[in-house]
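Residue-level structure breakdown
Residue strings, one per chain:
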Amino acid sequence: SAVISQKPSRDICQRGTSLTIQCQVDSQVTMMFWYRQQPGQSLTLIATANQGSEATYESGFVIDKFPISRPNLTFSTLTVSNMSPEDSSIYLCSVGQTNEKLFFGSGTQLSVL
Amino acid sequence: SQQGEEDPQALSIQEGENATMNCSYKTSINNLQWYRQNSGRGLVHLILIRSNEREKHSGRLRVTLDTSKKSSSLLITASRAADTASYFCATADRGSTLGRLYFGRGTQLTVWP
């Protein structure tokens, strides 16, 4: 299993600002993903965080809006840039050694005013 | 589309009754997984079924998979109030090298004591 620490747990931000979310894992993991969960909705995959290289973004998500870093096998950050109220969501970090079982952080509840 | 379709969107039952949730998907898969999310928390992995399996059991959980219909069902037997949560299916696409999982829309299960 993996223990994931995700920070902050929640934040309220002003329109036009940026927020960086951190994901720290207690062990080295092969796979690390960032998901978004809009209110009352399912999880949408934003990107795969690749260690030592650029993240792989899903359709509809771009690096300028959601820059991601993964400097090593235990840590990643997701930045939500130039925020608007439409960015209000829960952002979830997810990790796994294989895709047969993912572990999730407790999420970051973001509200943009 | 990233998401599969789940039904029902919401299910309300009494303790002791069985709960059945269904999931349909669109692509060829390596495996299908079910996750549980308590309100405001991260997701927890429940059970995985591989594409060459038809049925799997784990405690009070029973999962079936019909790859010809691209559908799966999750049965929770003898439900308890503590089973109240959202349940999501997630698929791992065949041929995907990045191990990404795509989640269904989820079923909100409420079990009344």
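Use the structure listed above.
In this report, we go over the structure that sits alongside the text. Quick caveat, the model's predicted, so the values are computed rather than measured.

Another aspect to go through is the overall build of chain B. Along chain B, the regular secondary structure elements total zero helices and eleven strands. Ordering the α and β elements of chain B from the N terminus gives β-β-β-β-β-β-β-β-β-β-β. When its C-alpha atoms are laid out on the principal axes, chain B stretches across 45 × 30 × 20 Å. Burial status across chain B gives 47% buried among its 113 residues. Of all intrachain contacts in chain B linking residues separated by at least 6 positions in sequence, the fraction that spans at least 24 positions is 56%. Per element, the accessible surface of chain B, about 5400 Å² overall, is 45% carbon and sulfur.

Let us now look at the sheet that holds strand 7 (residues 68–72) of chain A. Residue and element names in this part refer to chain A. If you trace the four strands from one edge of the open sheet to the other, you get 1-3-8-7, paired in antiparallel fashion. Two strands lie at the open edges of the sheet, namely strand 1 (4–7) and strand 7, each paired on one side alone. Neighbour-to-neighbour, the strand axes of this sheet turn through a mean angle of 15 degrees, independent of strand direction. One ladder, built from four bridges, connects strand 1 with strand 3 (residues 19–25); its direction is antiparallel. Among the inter-strand pairings, Gln-6 is bridged to a residue of strand 3, identified as Cys-23.

Relative to strand 8 (residues 75–80) of chain A, strand 7 of chain A runs antiparallel, the two sharing three bridges. For Ser-69 of chain A, the partnering residue across the bridge sits in strand 8 of chain A and is Thr-77 of chain A.

Attention shifts here to the interface of chain B and chain A. At the interface, 23 residues of chain B touch 21 residues of chain A. Both faces combined, the contact of chain B with chain A buries some 1900 Å², and carbon together with sulfur accounts for 49% of it. The interface formed by chain B and chain A contains two salt bridges. Glu-100 of chain A is paired through a salt bridge with Arg-50 of chain B; the nearest N and O atoms lie 2.6 Å apart. Here chain B and chain A share eight residue pairs in polar contact (both at pLDDT 80 or more) between them. Among the secondary structure elements, those contributing two or more residues to the side of chain B that touches chain A are strand 4 (29–37), strand 5 (43–50), strand 9 (85–93) and strand 10 (101–103) of chain B. Looking at side-chain class alone, the side of chain B that touches chain A contains nine nonpolar, ten polar and four charged residues.

The final tally for this structure, using the stated rule, is two disulfides over all chains. Between the sulfur of Cys-23 of chain A and that of Cys-93 of chain A lies a disulfide, 1.9 Å long from S to S. Because the sign of the S-S torsion sets the handedness, a value of about -60 degrees for the bond joining Cys-23 of chain A and Cys-93 of chain A places this disulfide among the left-handed ones. Residue Cys-23 of chain A is found in strand 3, and its partner Cys-93 of chain A is found in strand 9 (residues 89–96); the two are separated by 70 residues along the sequence. Given the relative accessible area of 0%, Cys-23 of chain A is considered buried. Taking relative accessible area as the criterion, Cys-93 of chain A reaches 0% and is therefore assigned buried. Between the sulfur atoms of Cys-23 of chain B and its disulfide partner Cys-89 of chain B the distance amounts to 1.9 Å. Looking down the S-S bond of the Cys-23 of chain B and Cys-89 of chain B bridge, the torsion is 65 degrees, so its handedness is right-handed. Here Cys-23 of chain B, found in strand 3 (residues 19–24), pairs with Cys-89 of chain B, found in strand 9; they are 66 residues apart in sequence, far enough to count as distant.

Rules of the game
- Residues numbered from 1 in each chain as written.
- Chains lettered and ligands numbered in written order.
- Predicted model: local features only at pLDDT ≥ 70, side-chain atom pairs only at ≥ 80, totals over all residues.
- Heavy atoms only, no water.
- Helix = DSSP H or I, 4+ residues; strand = E, 2+ residues; numbered from the N terminus.
- Buried < 20%, exposed > 50% of the residue type's maximum accessible area, 1.4 Å probe, protein only.
- Contact = heavy atoms within 4.5 Å.
- Areas by Shrake-Rupley, 256 points an atom, 1.4 Å probe, with all protein chains shown as cover.
- Pairing = 2+ DSSP bridges.
- Axes fitted to C-alpha atoms, helices over the stretch in contact; angles between N-to-C directions.
- Buried area = accessible area lost by both parts, 1.4 Å probe.
- Salt bridge = Lys/Arg side-chain N within 4 Å of Asp/Glu carboxyl O.
- Polar contact = N/O pair within 3.5 Å; in protein donor to acceptor, adjacent residues only side chain to side chain.
- Nonpolar A, V, L, I, M, F, W, Y, C, P; charged D, E, K, R; others polar.
- Disulfide = S-S within 2.5 Å.

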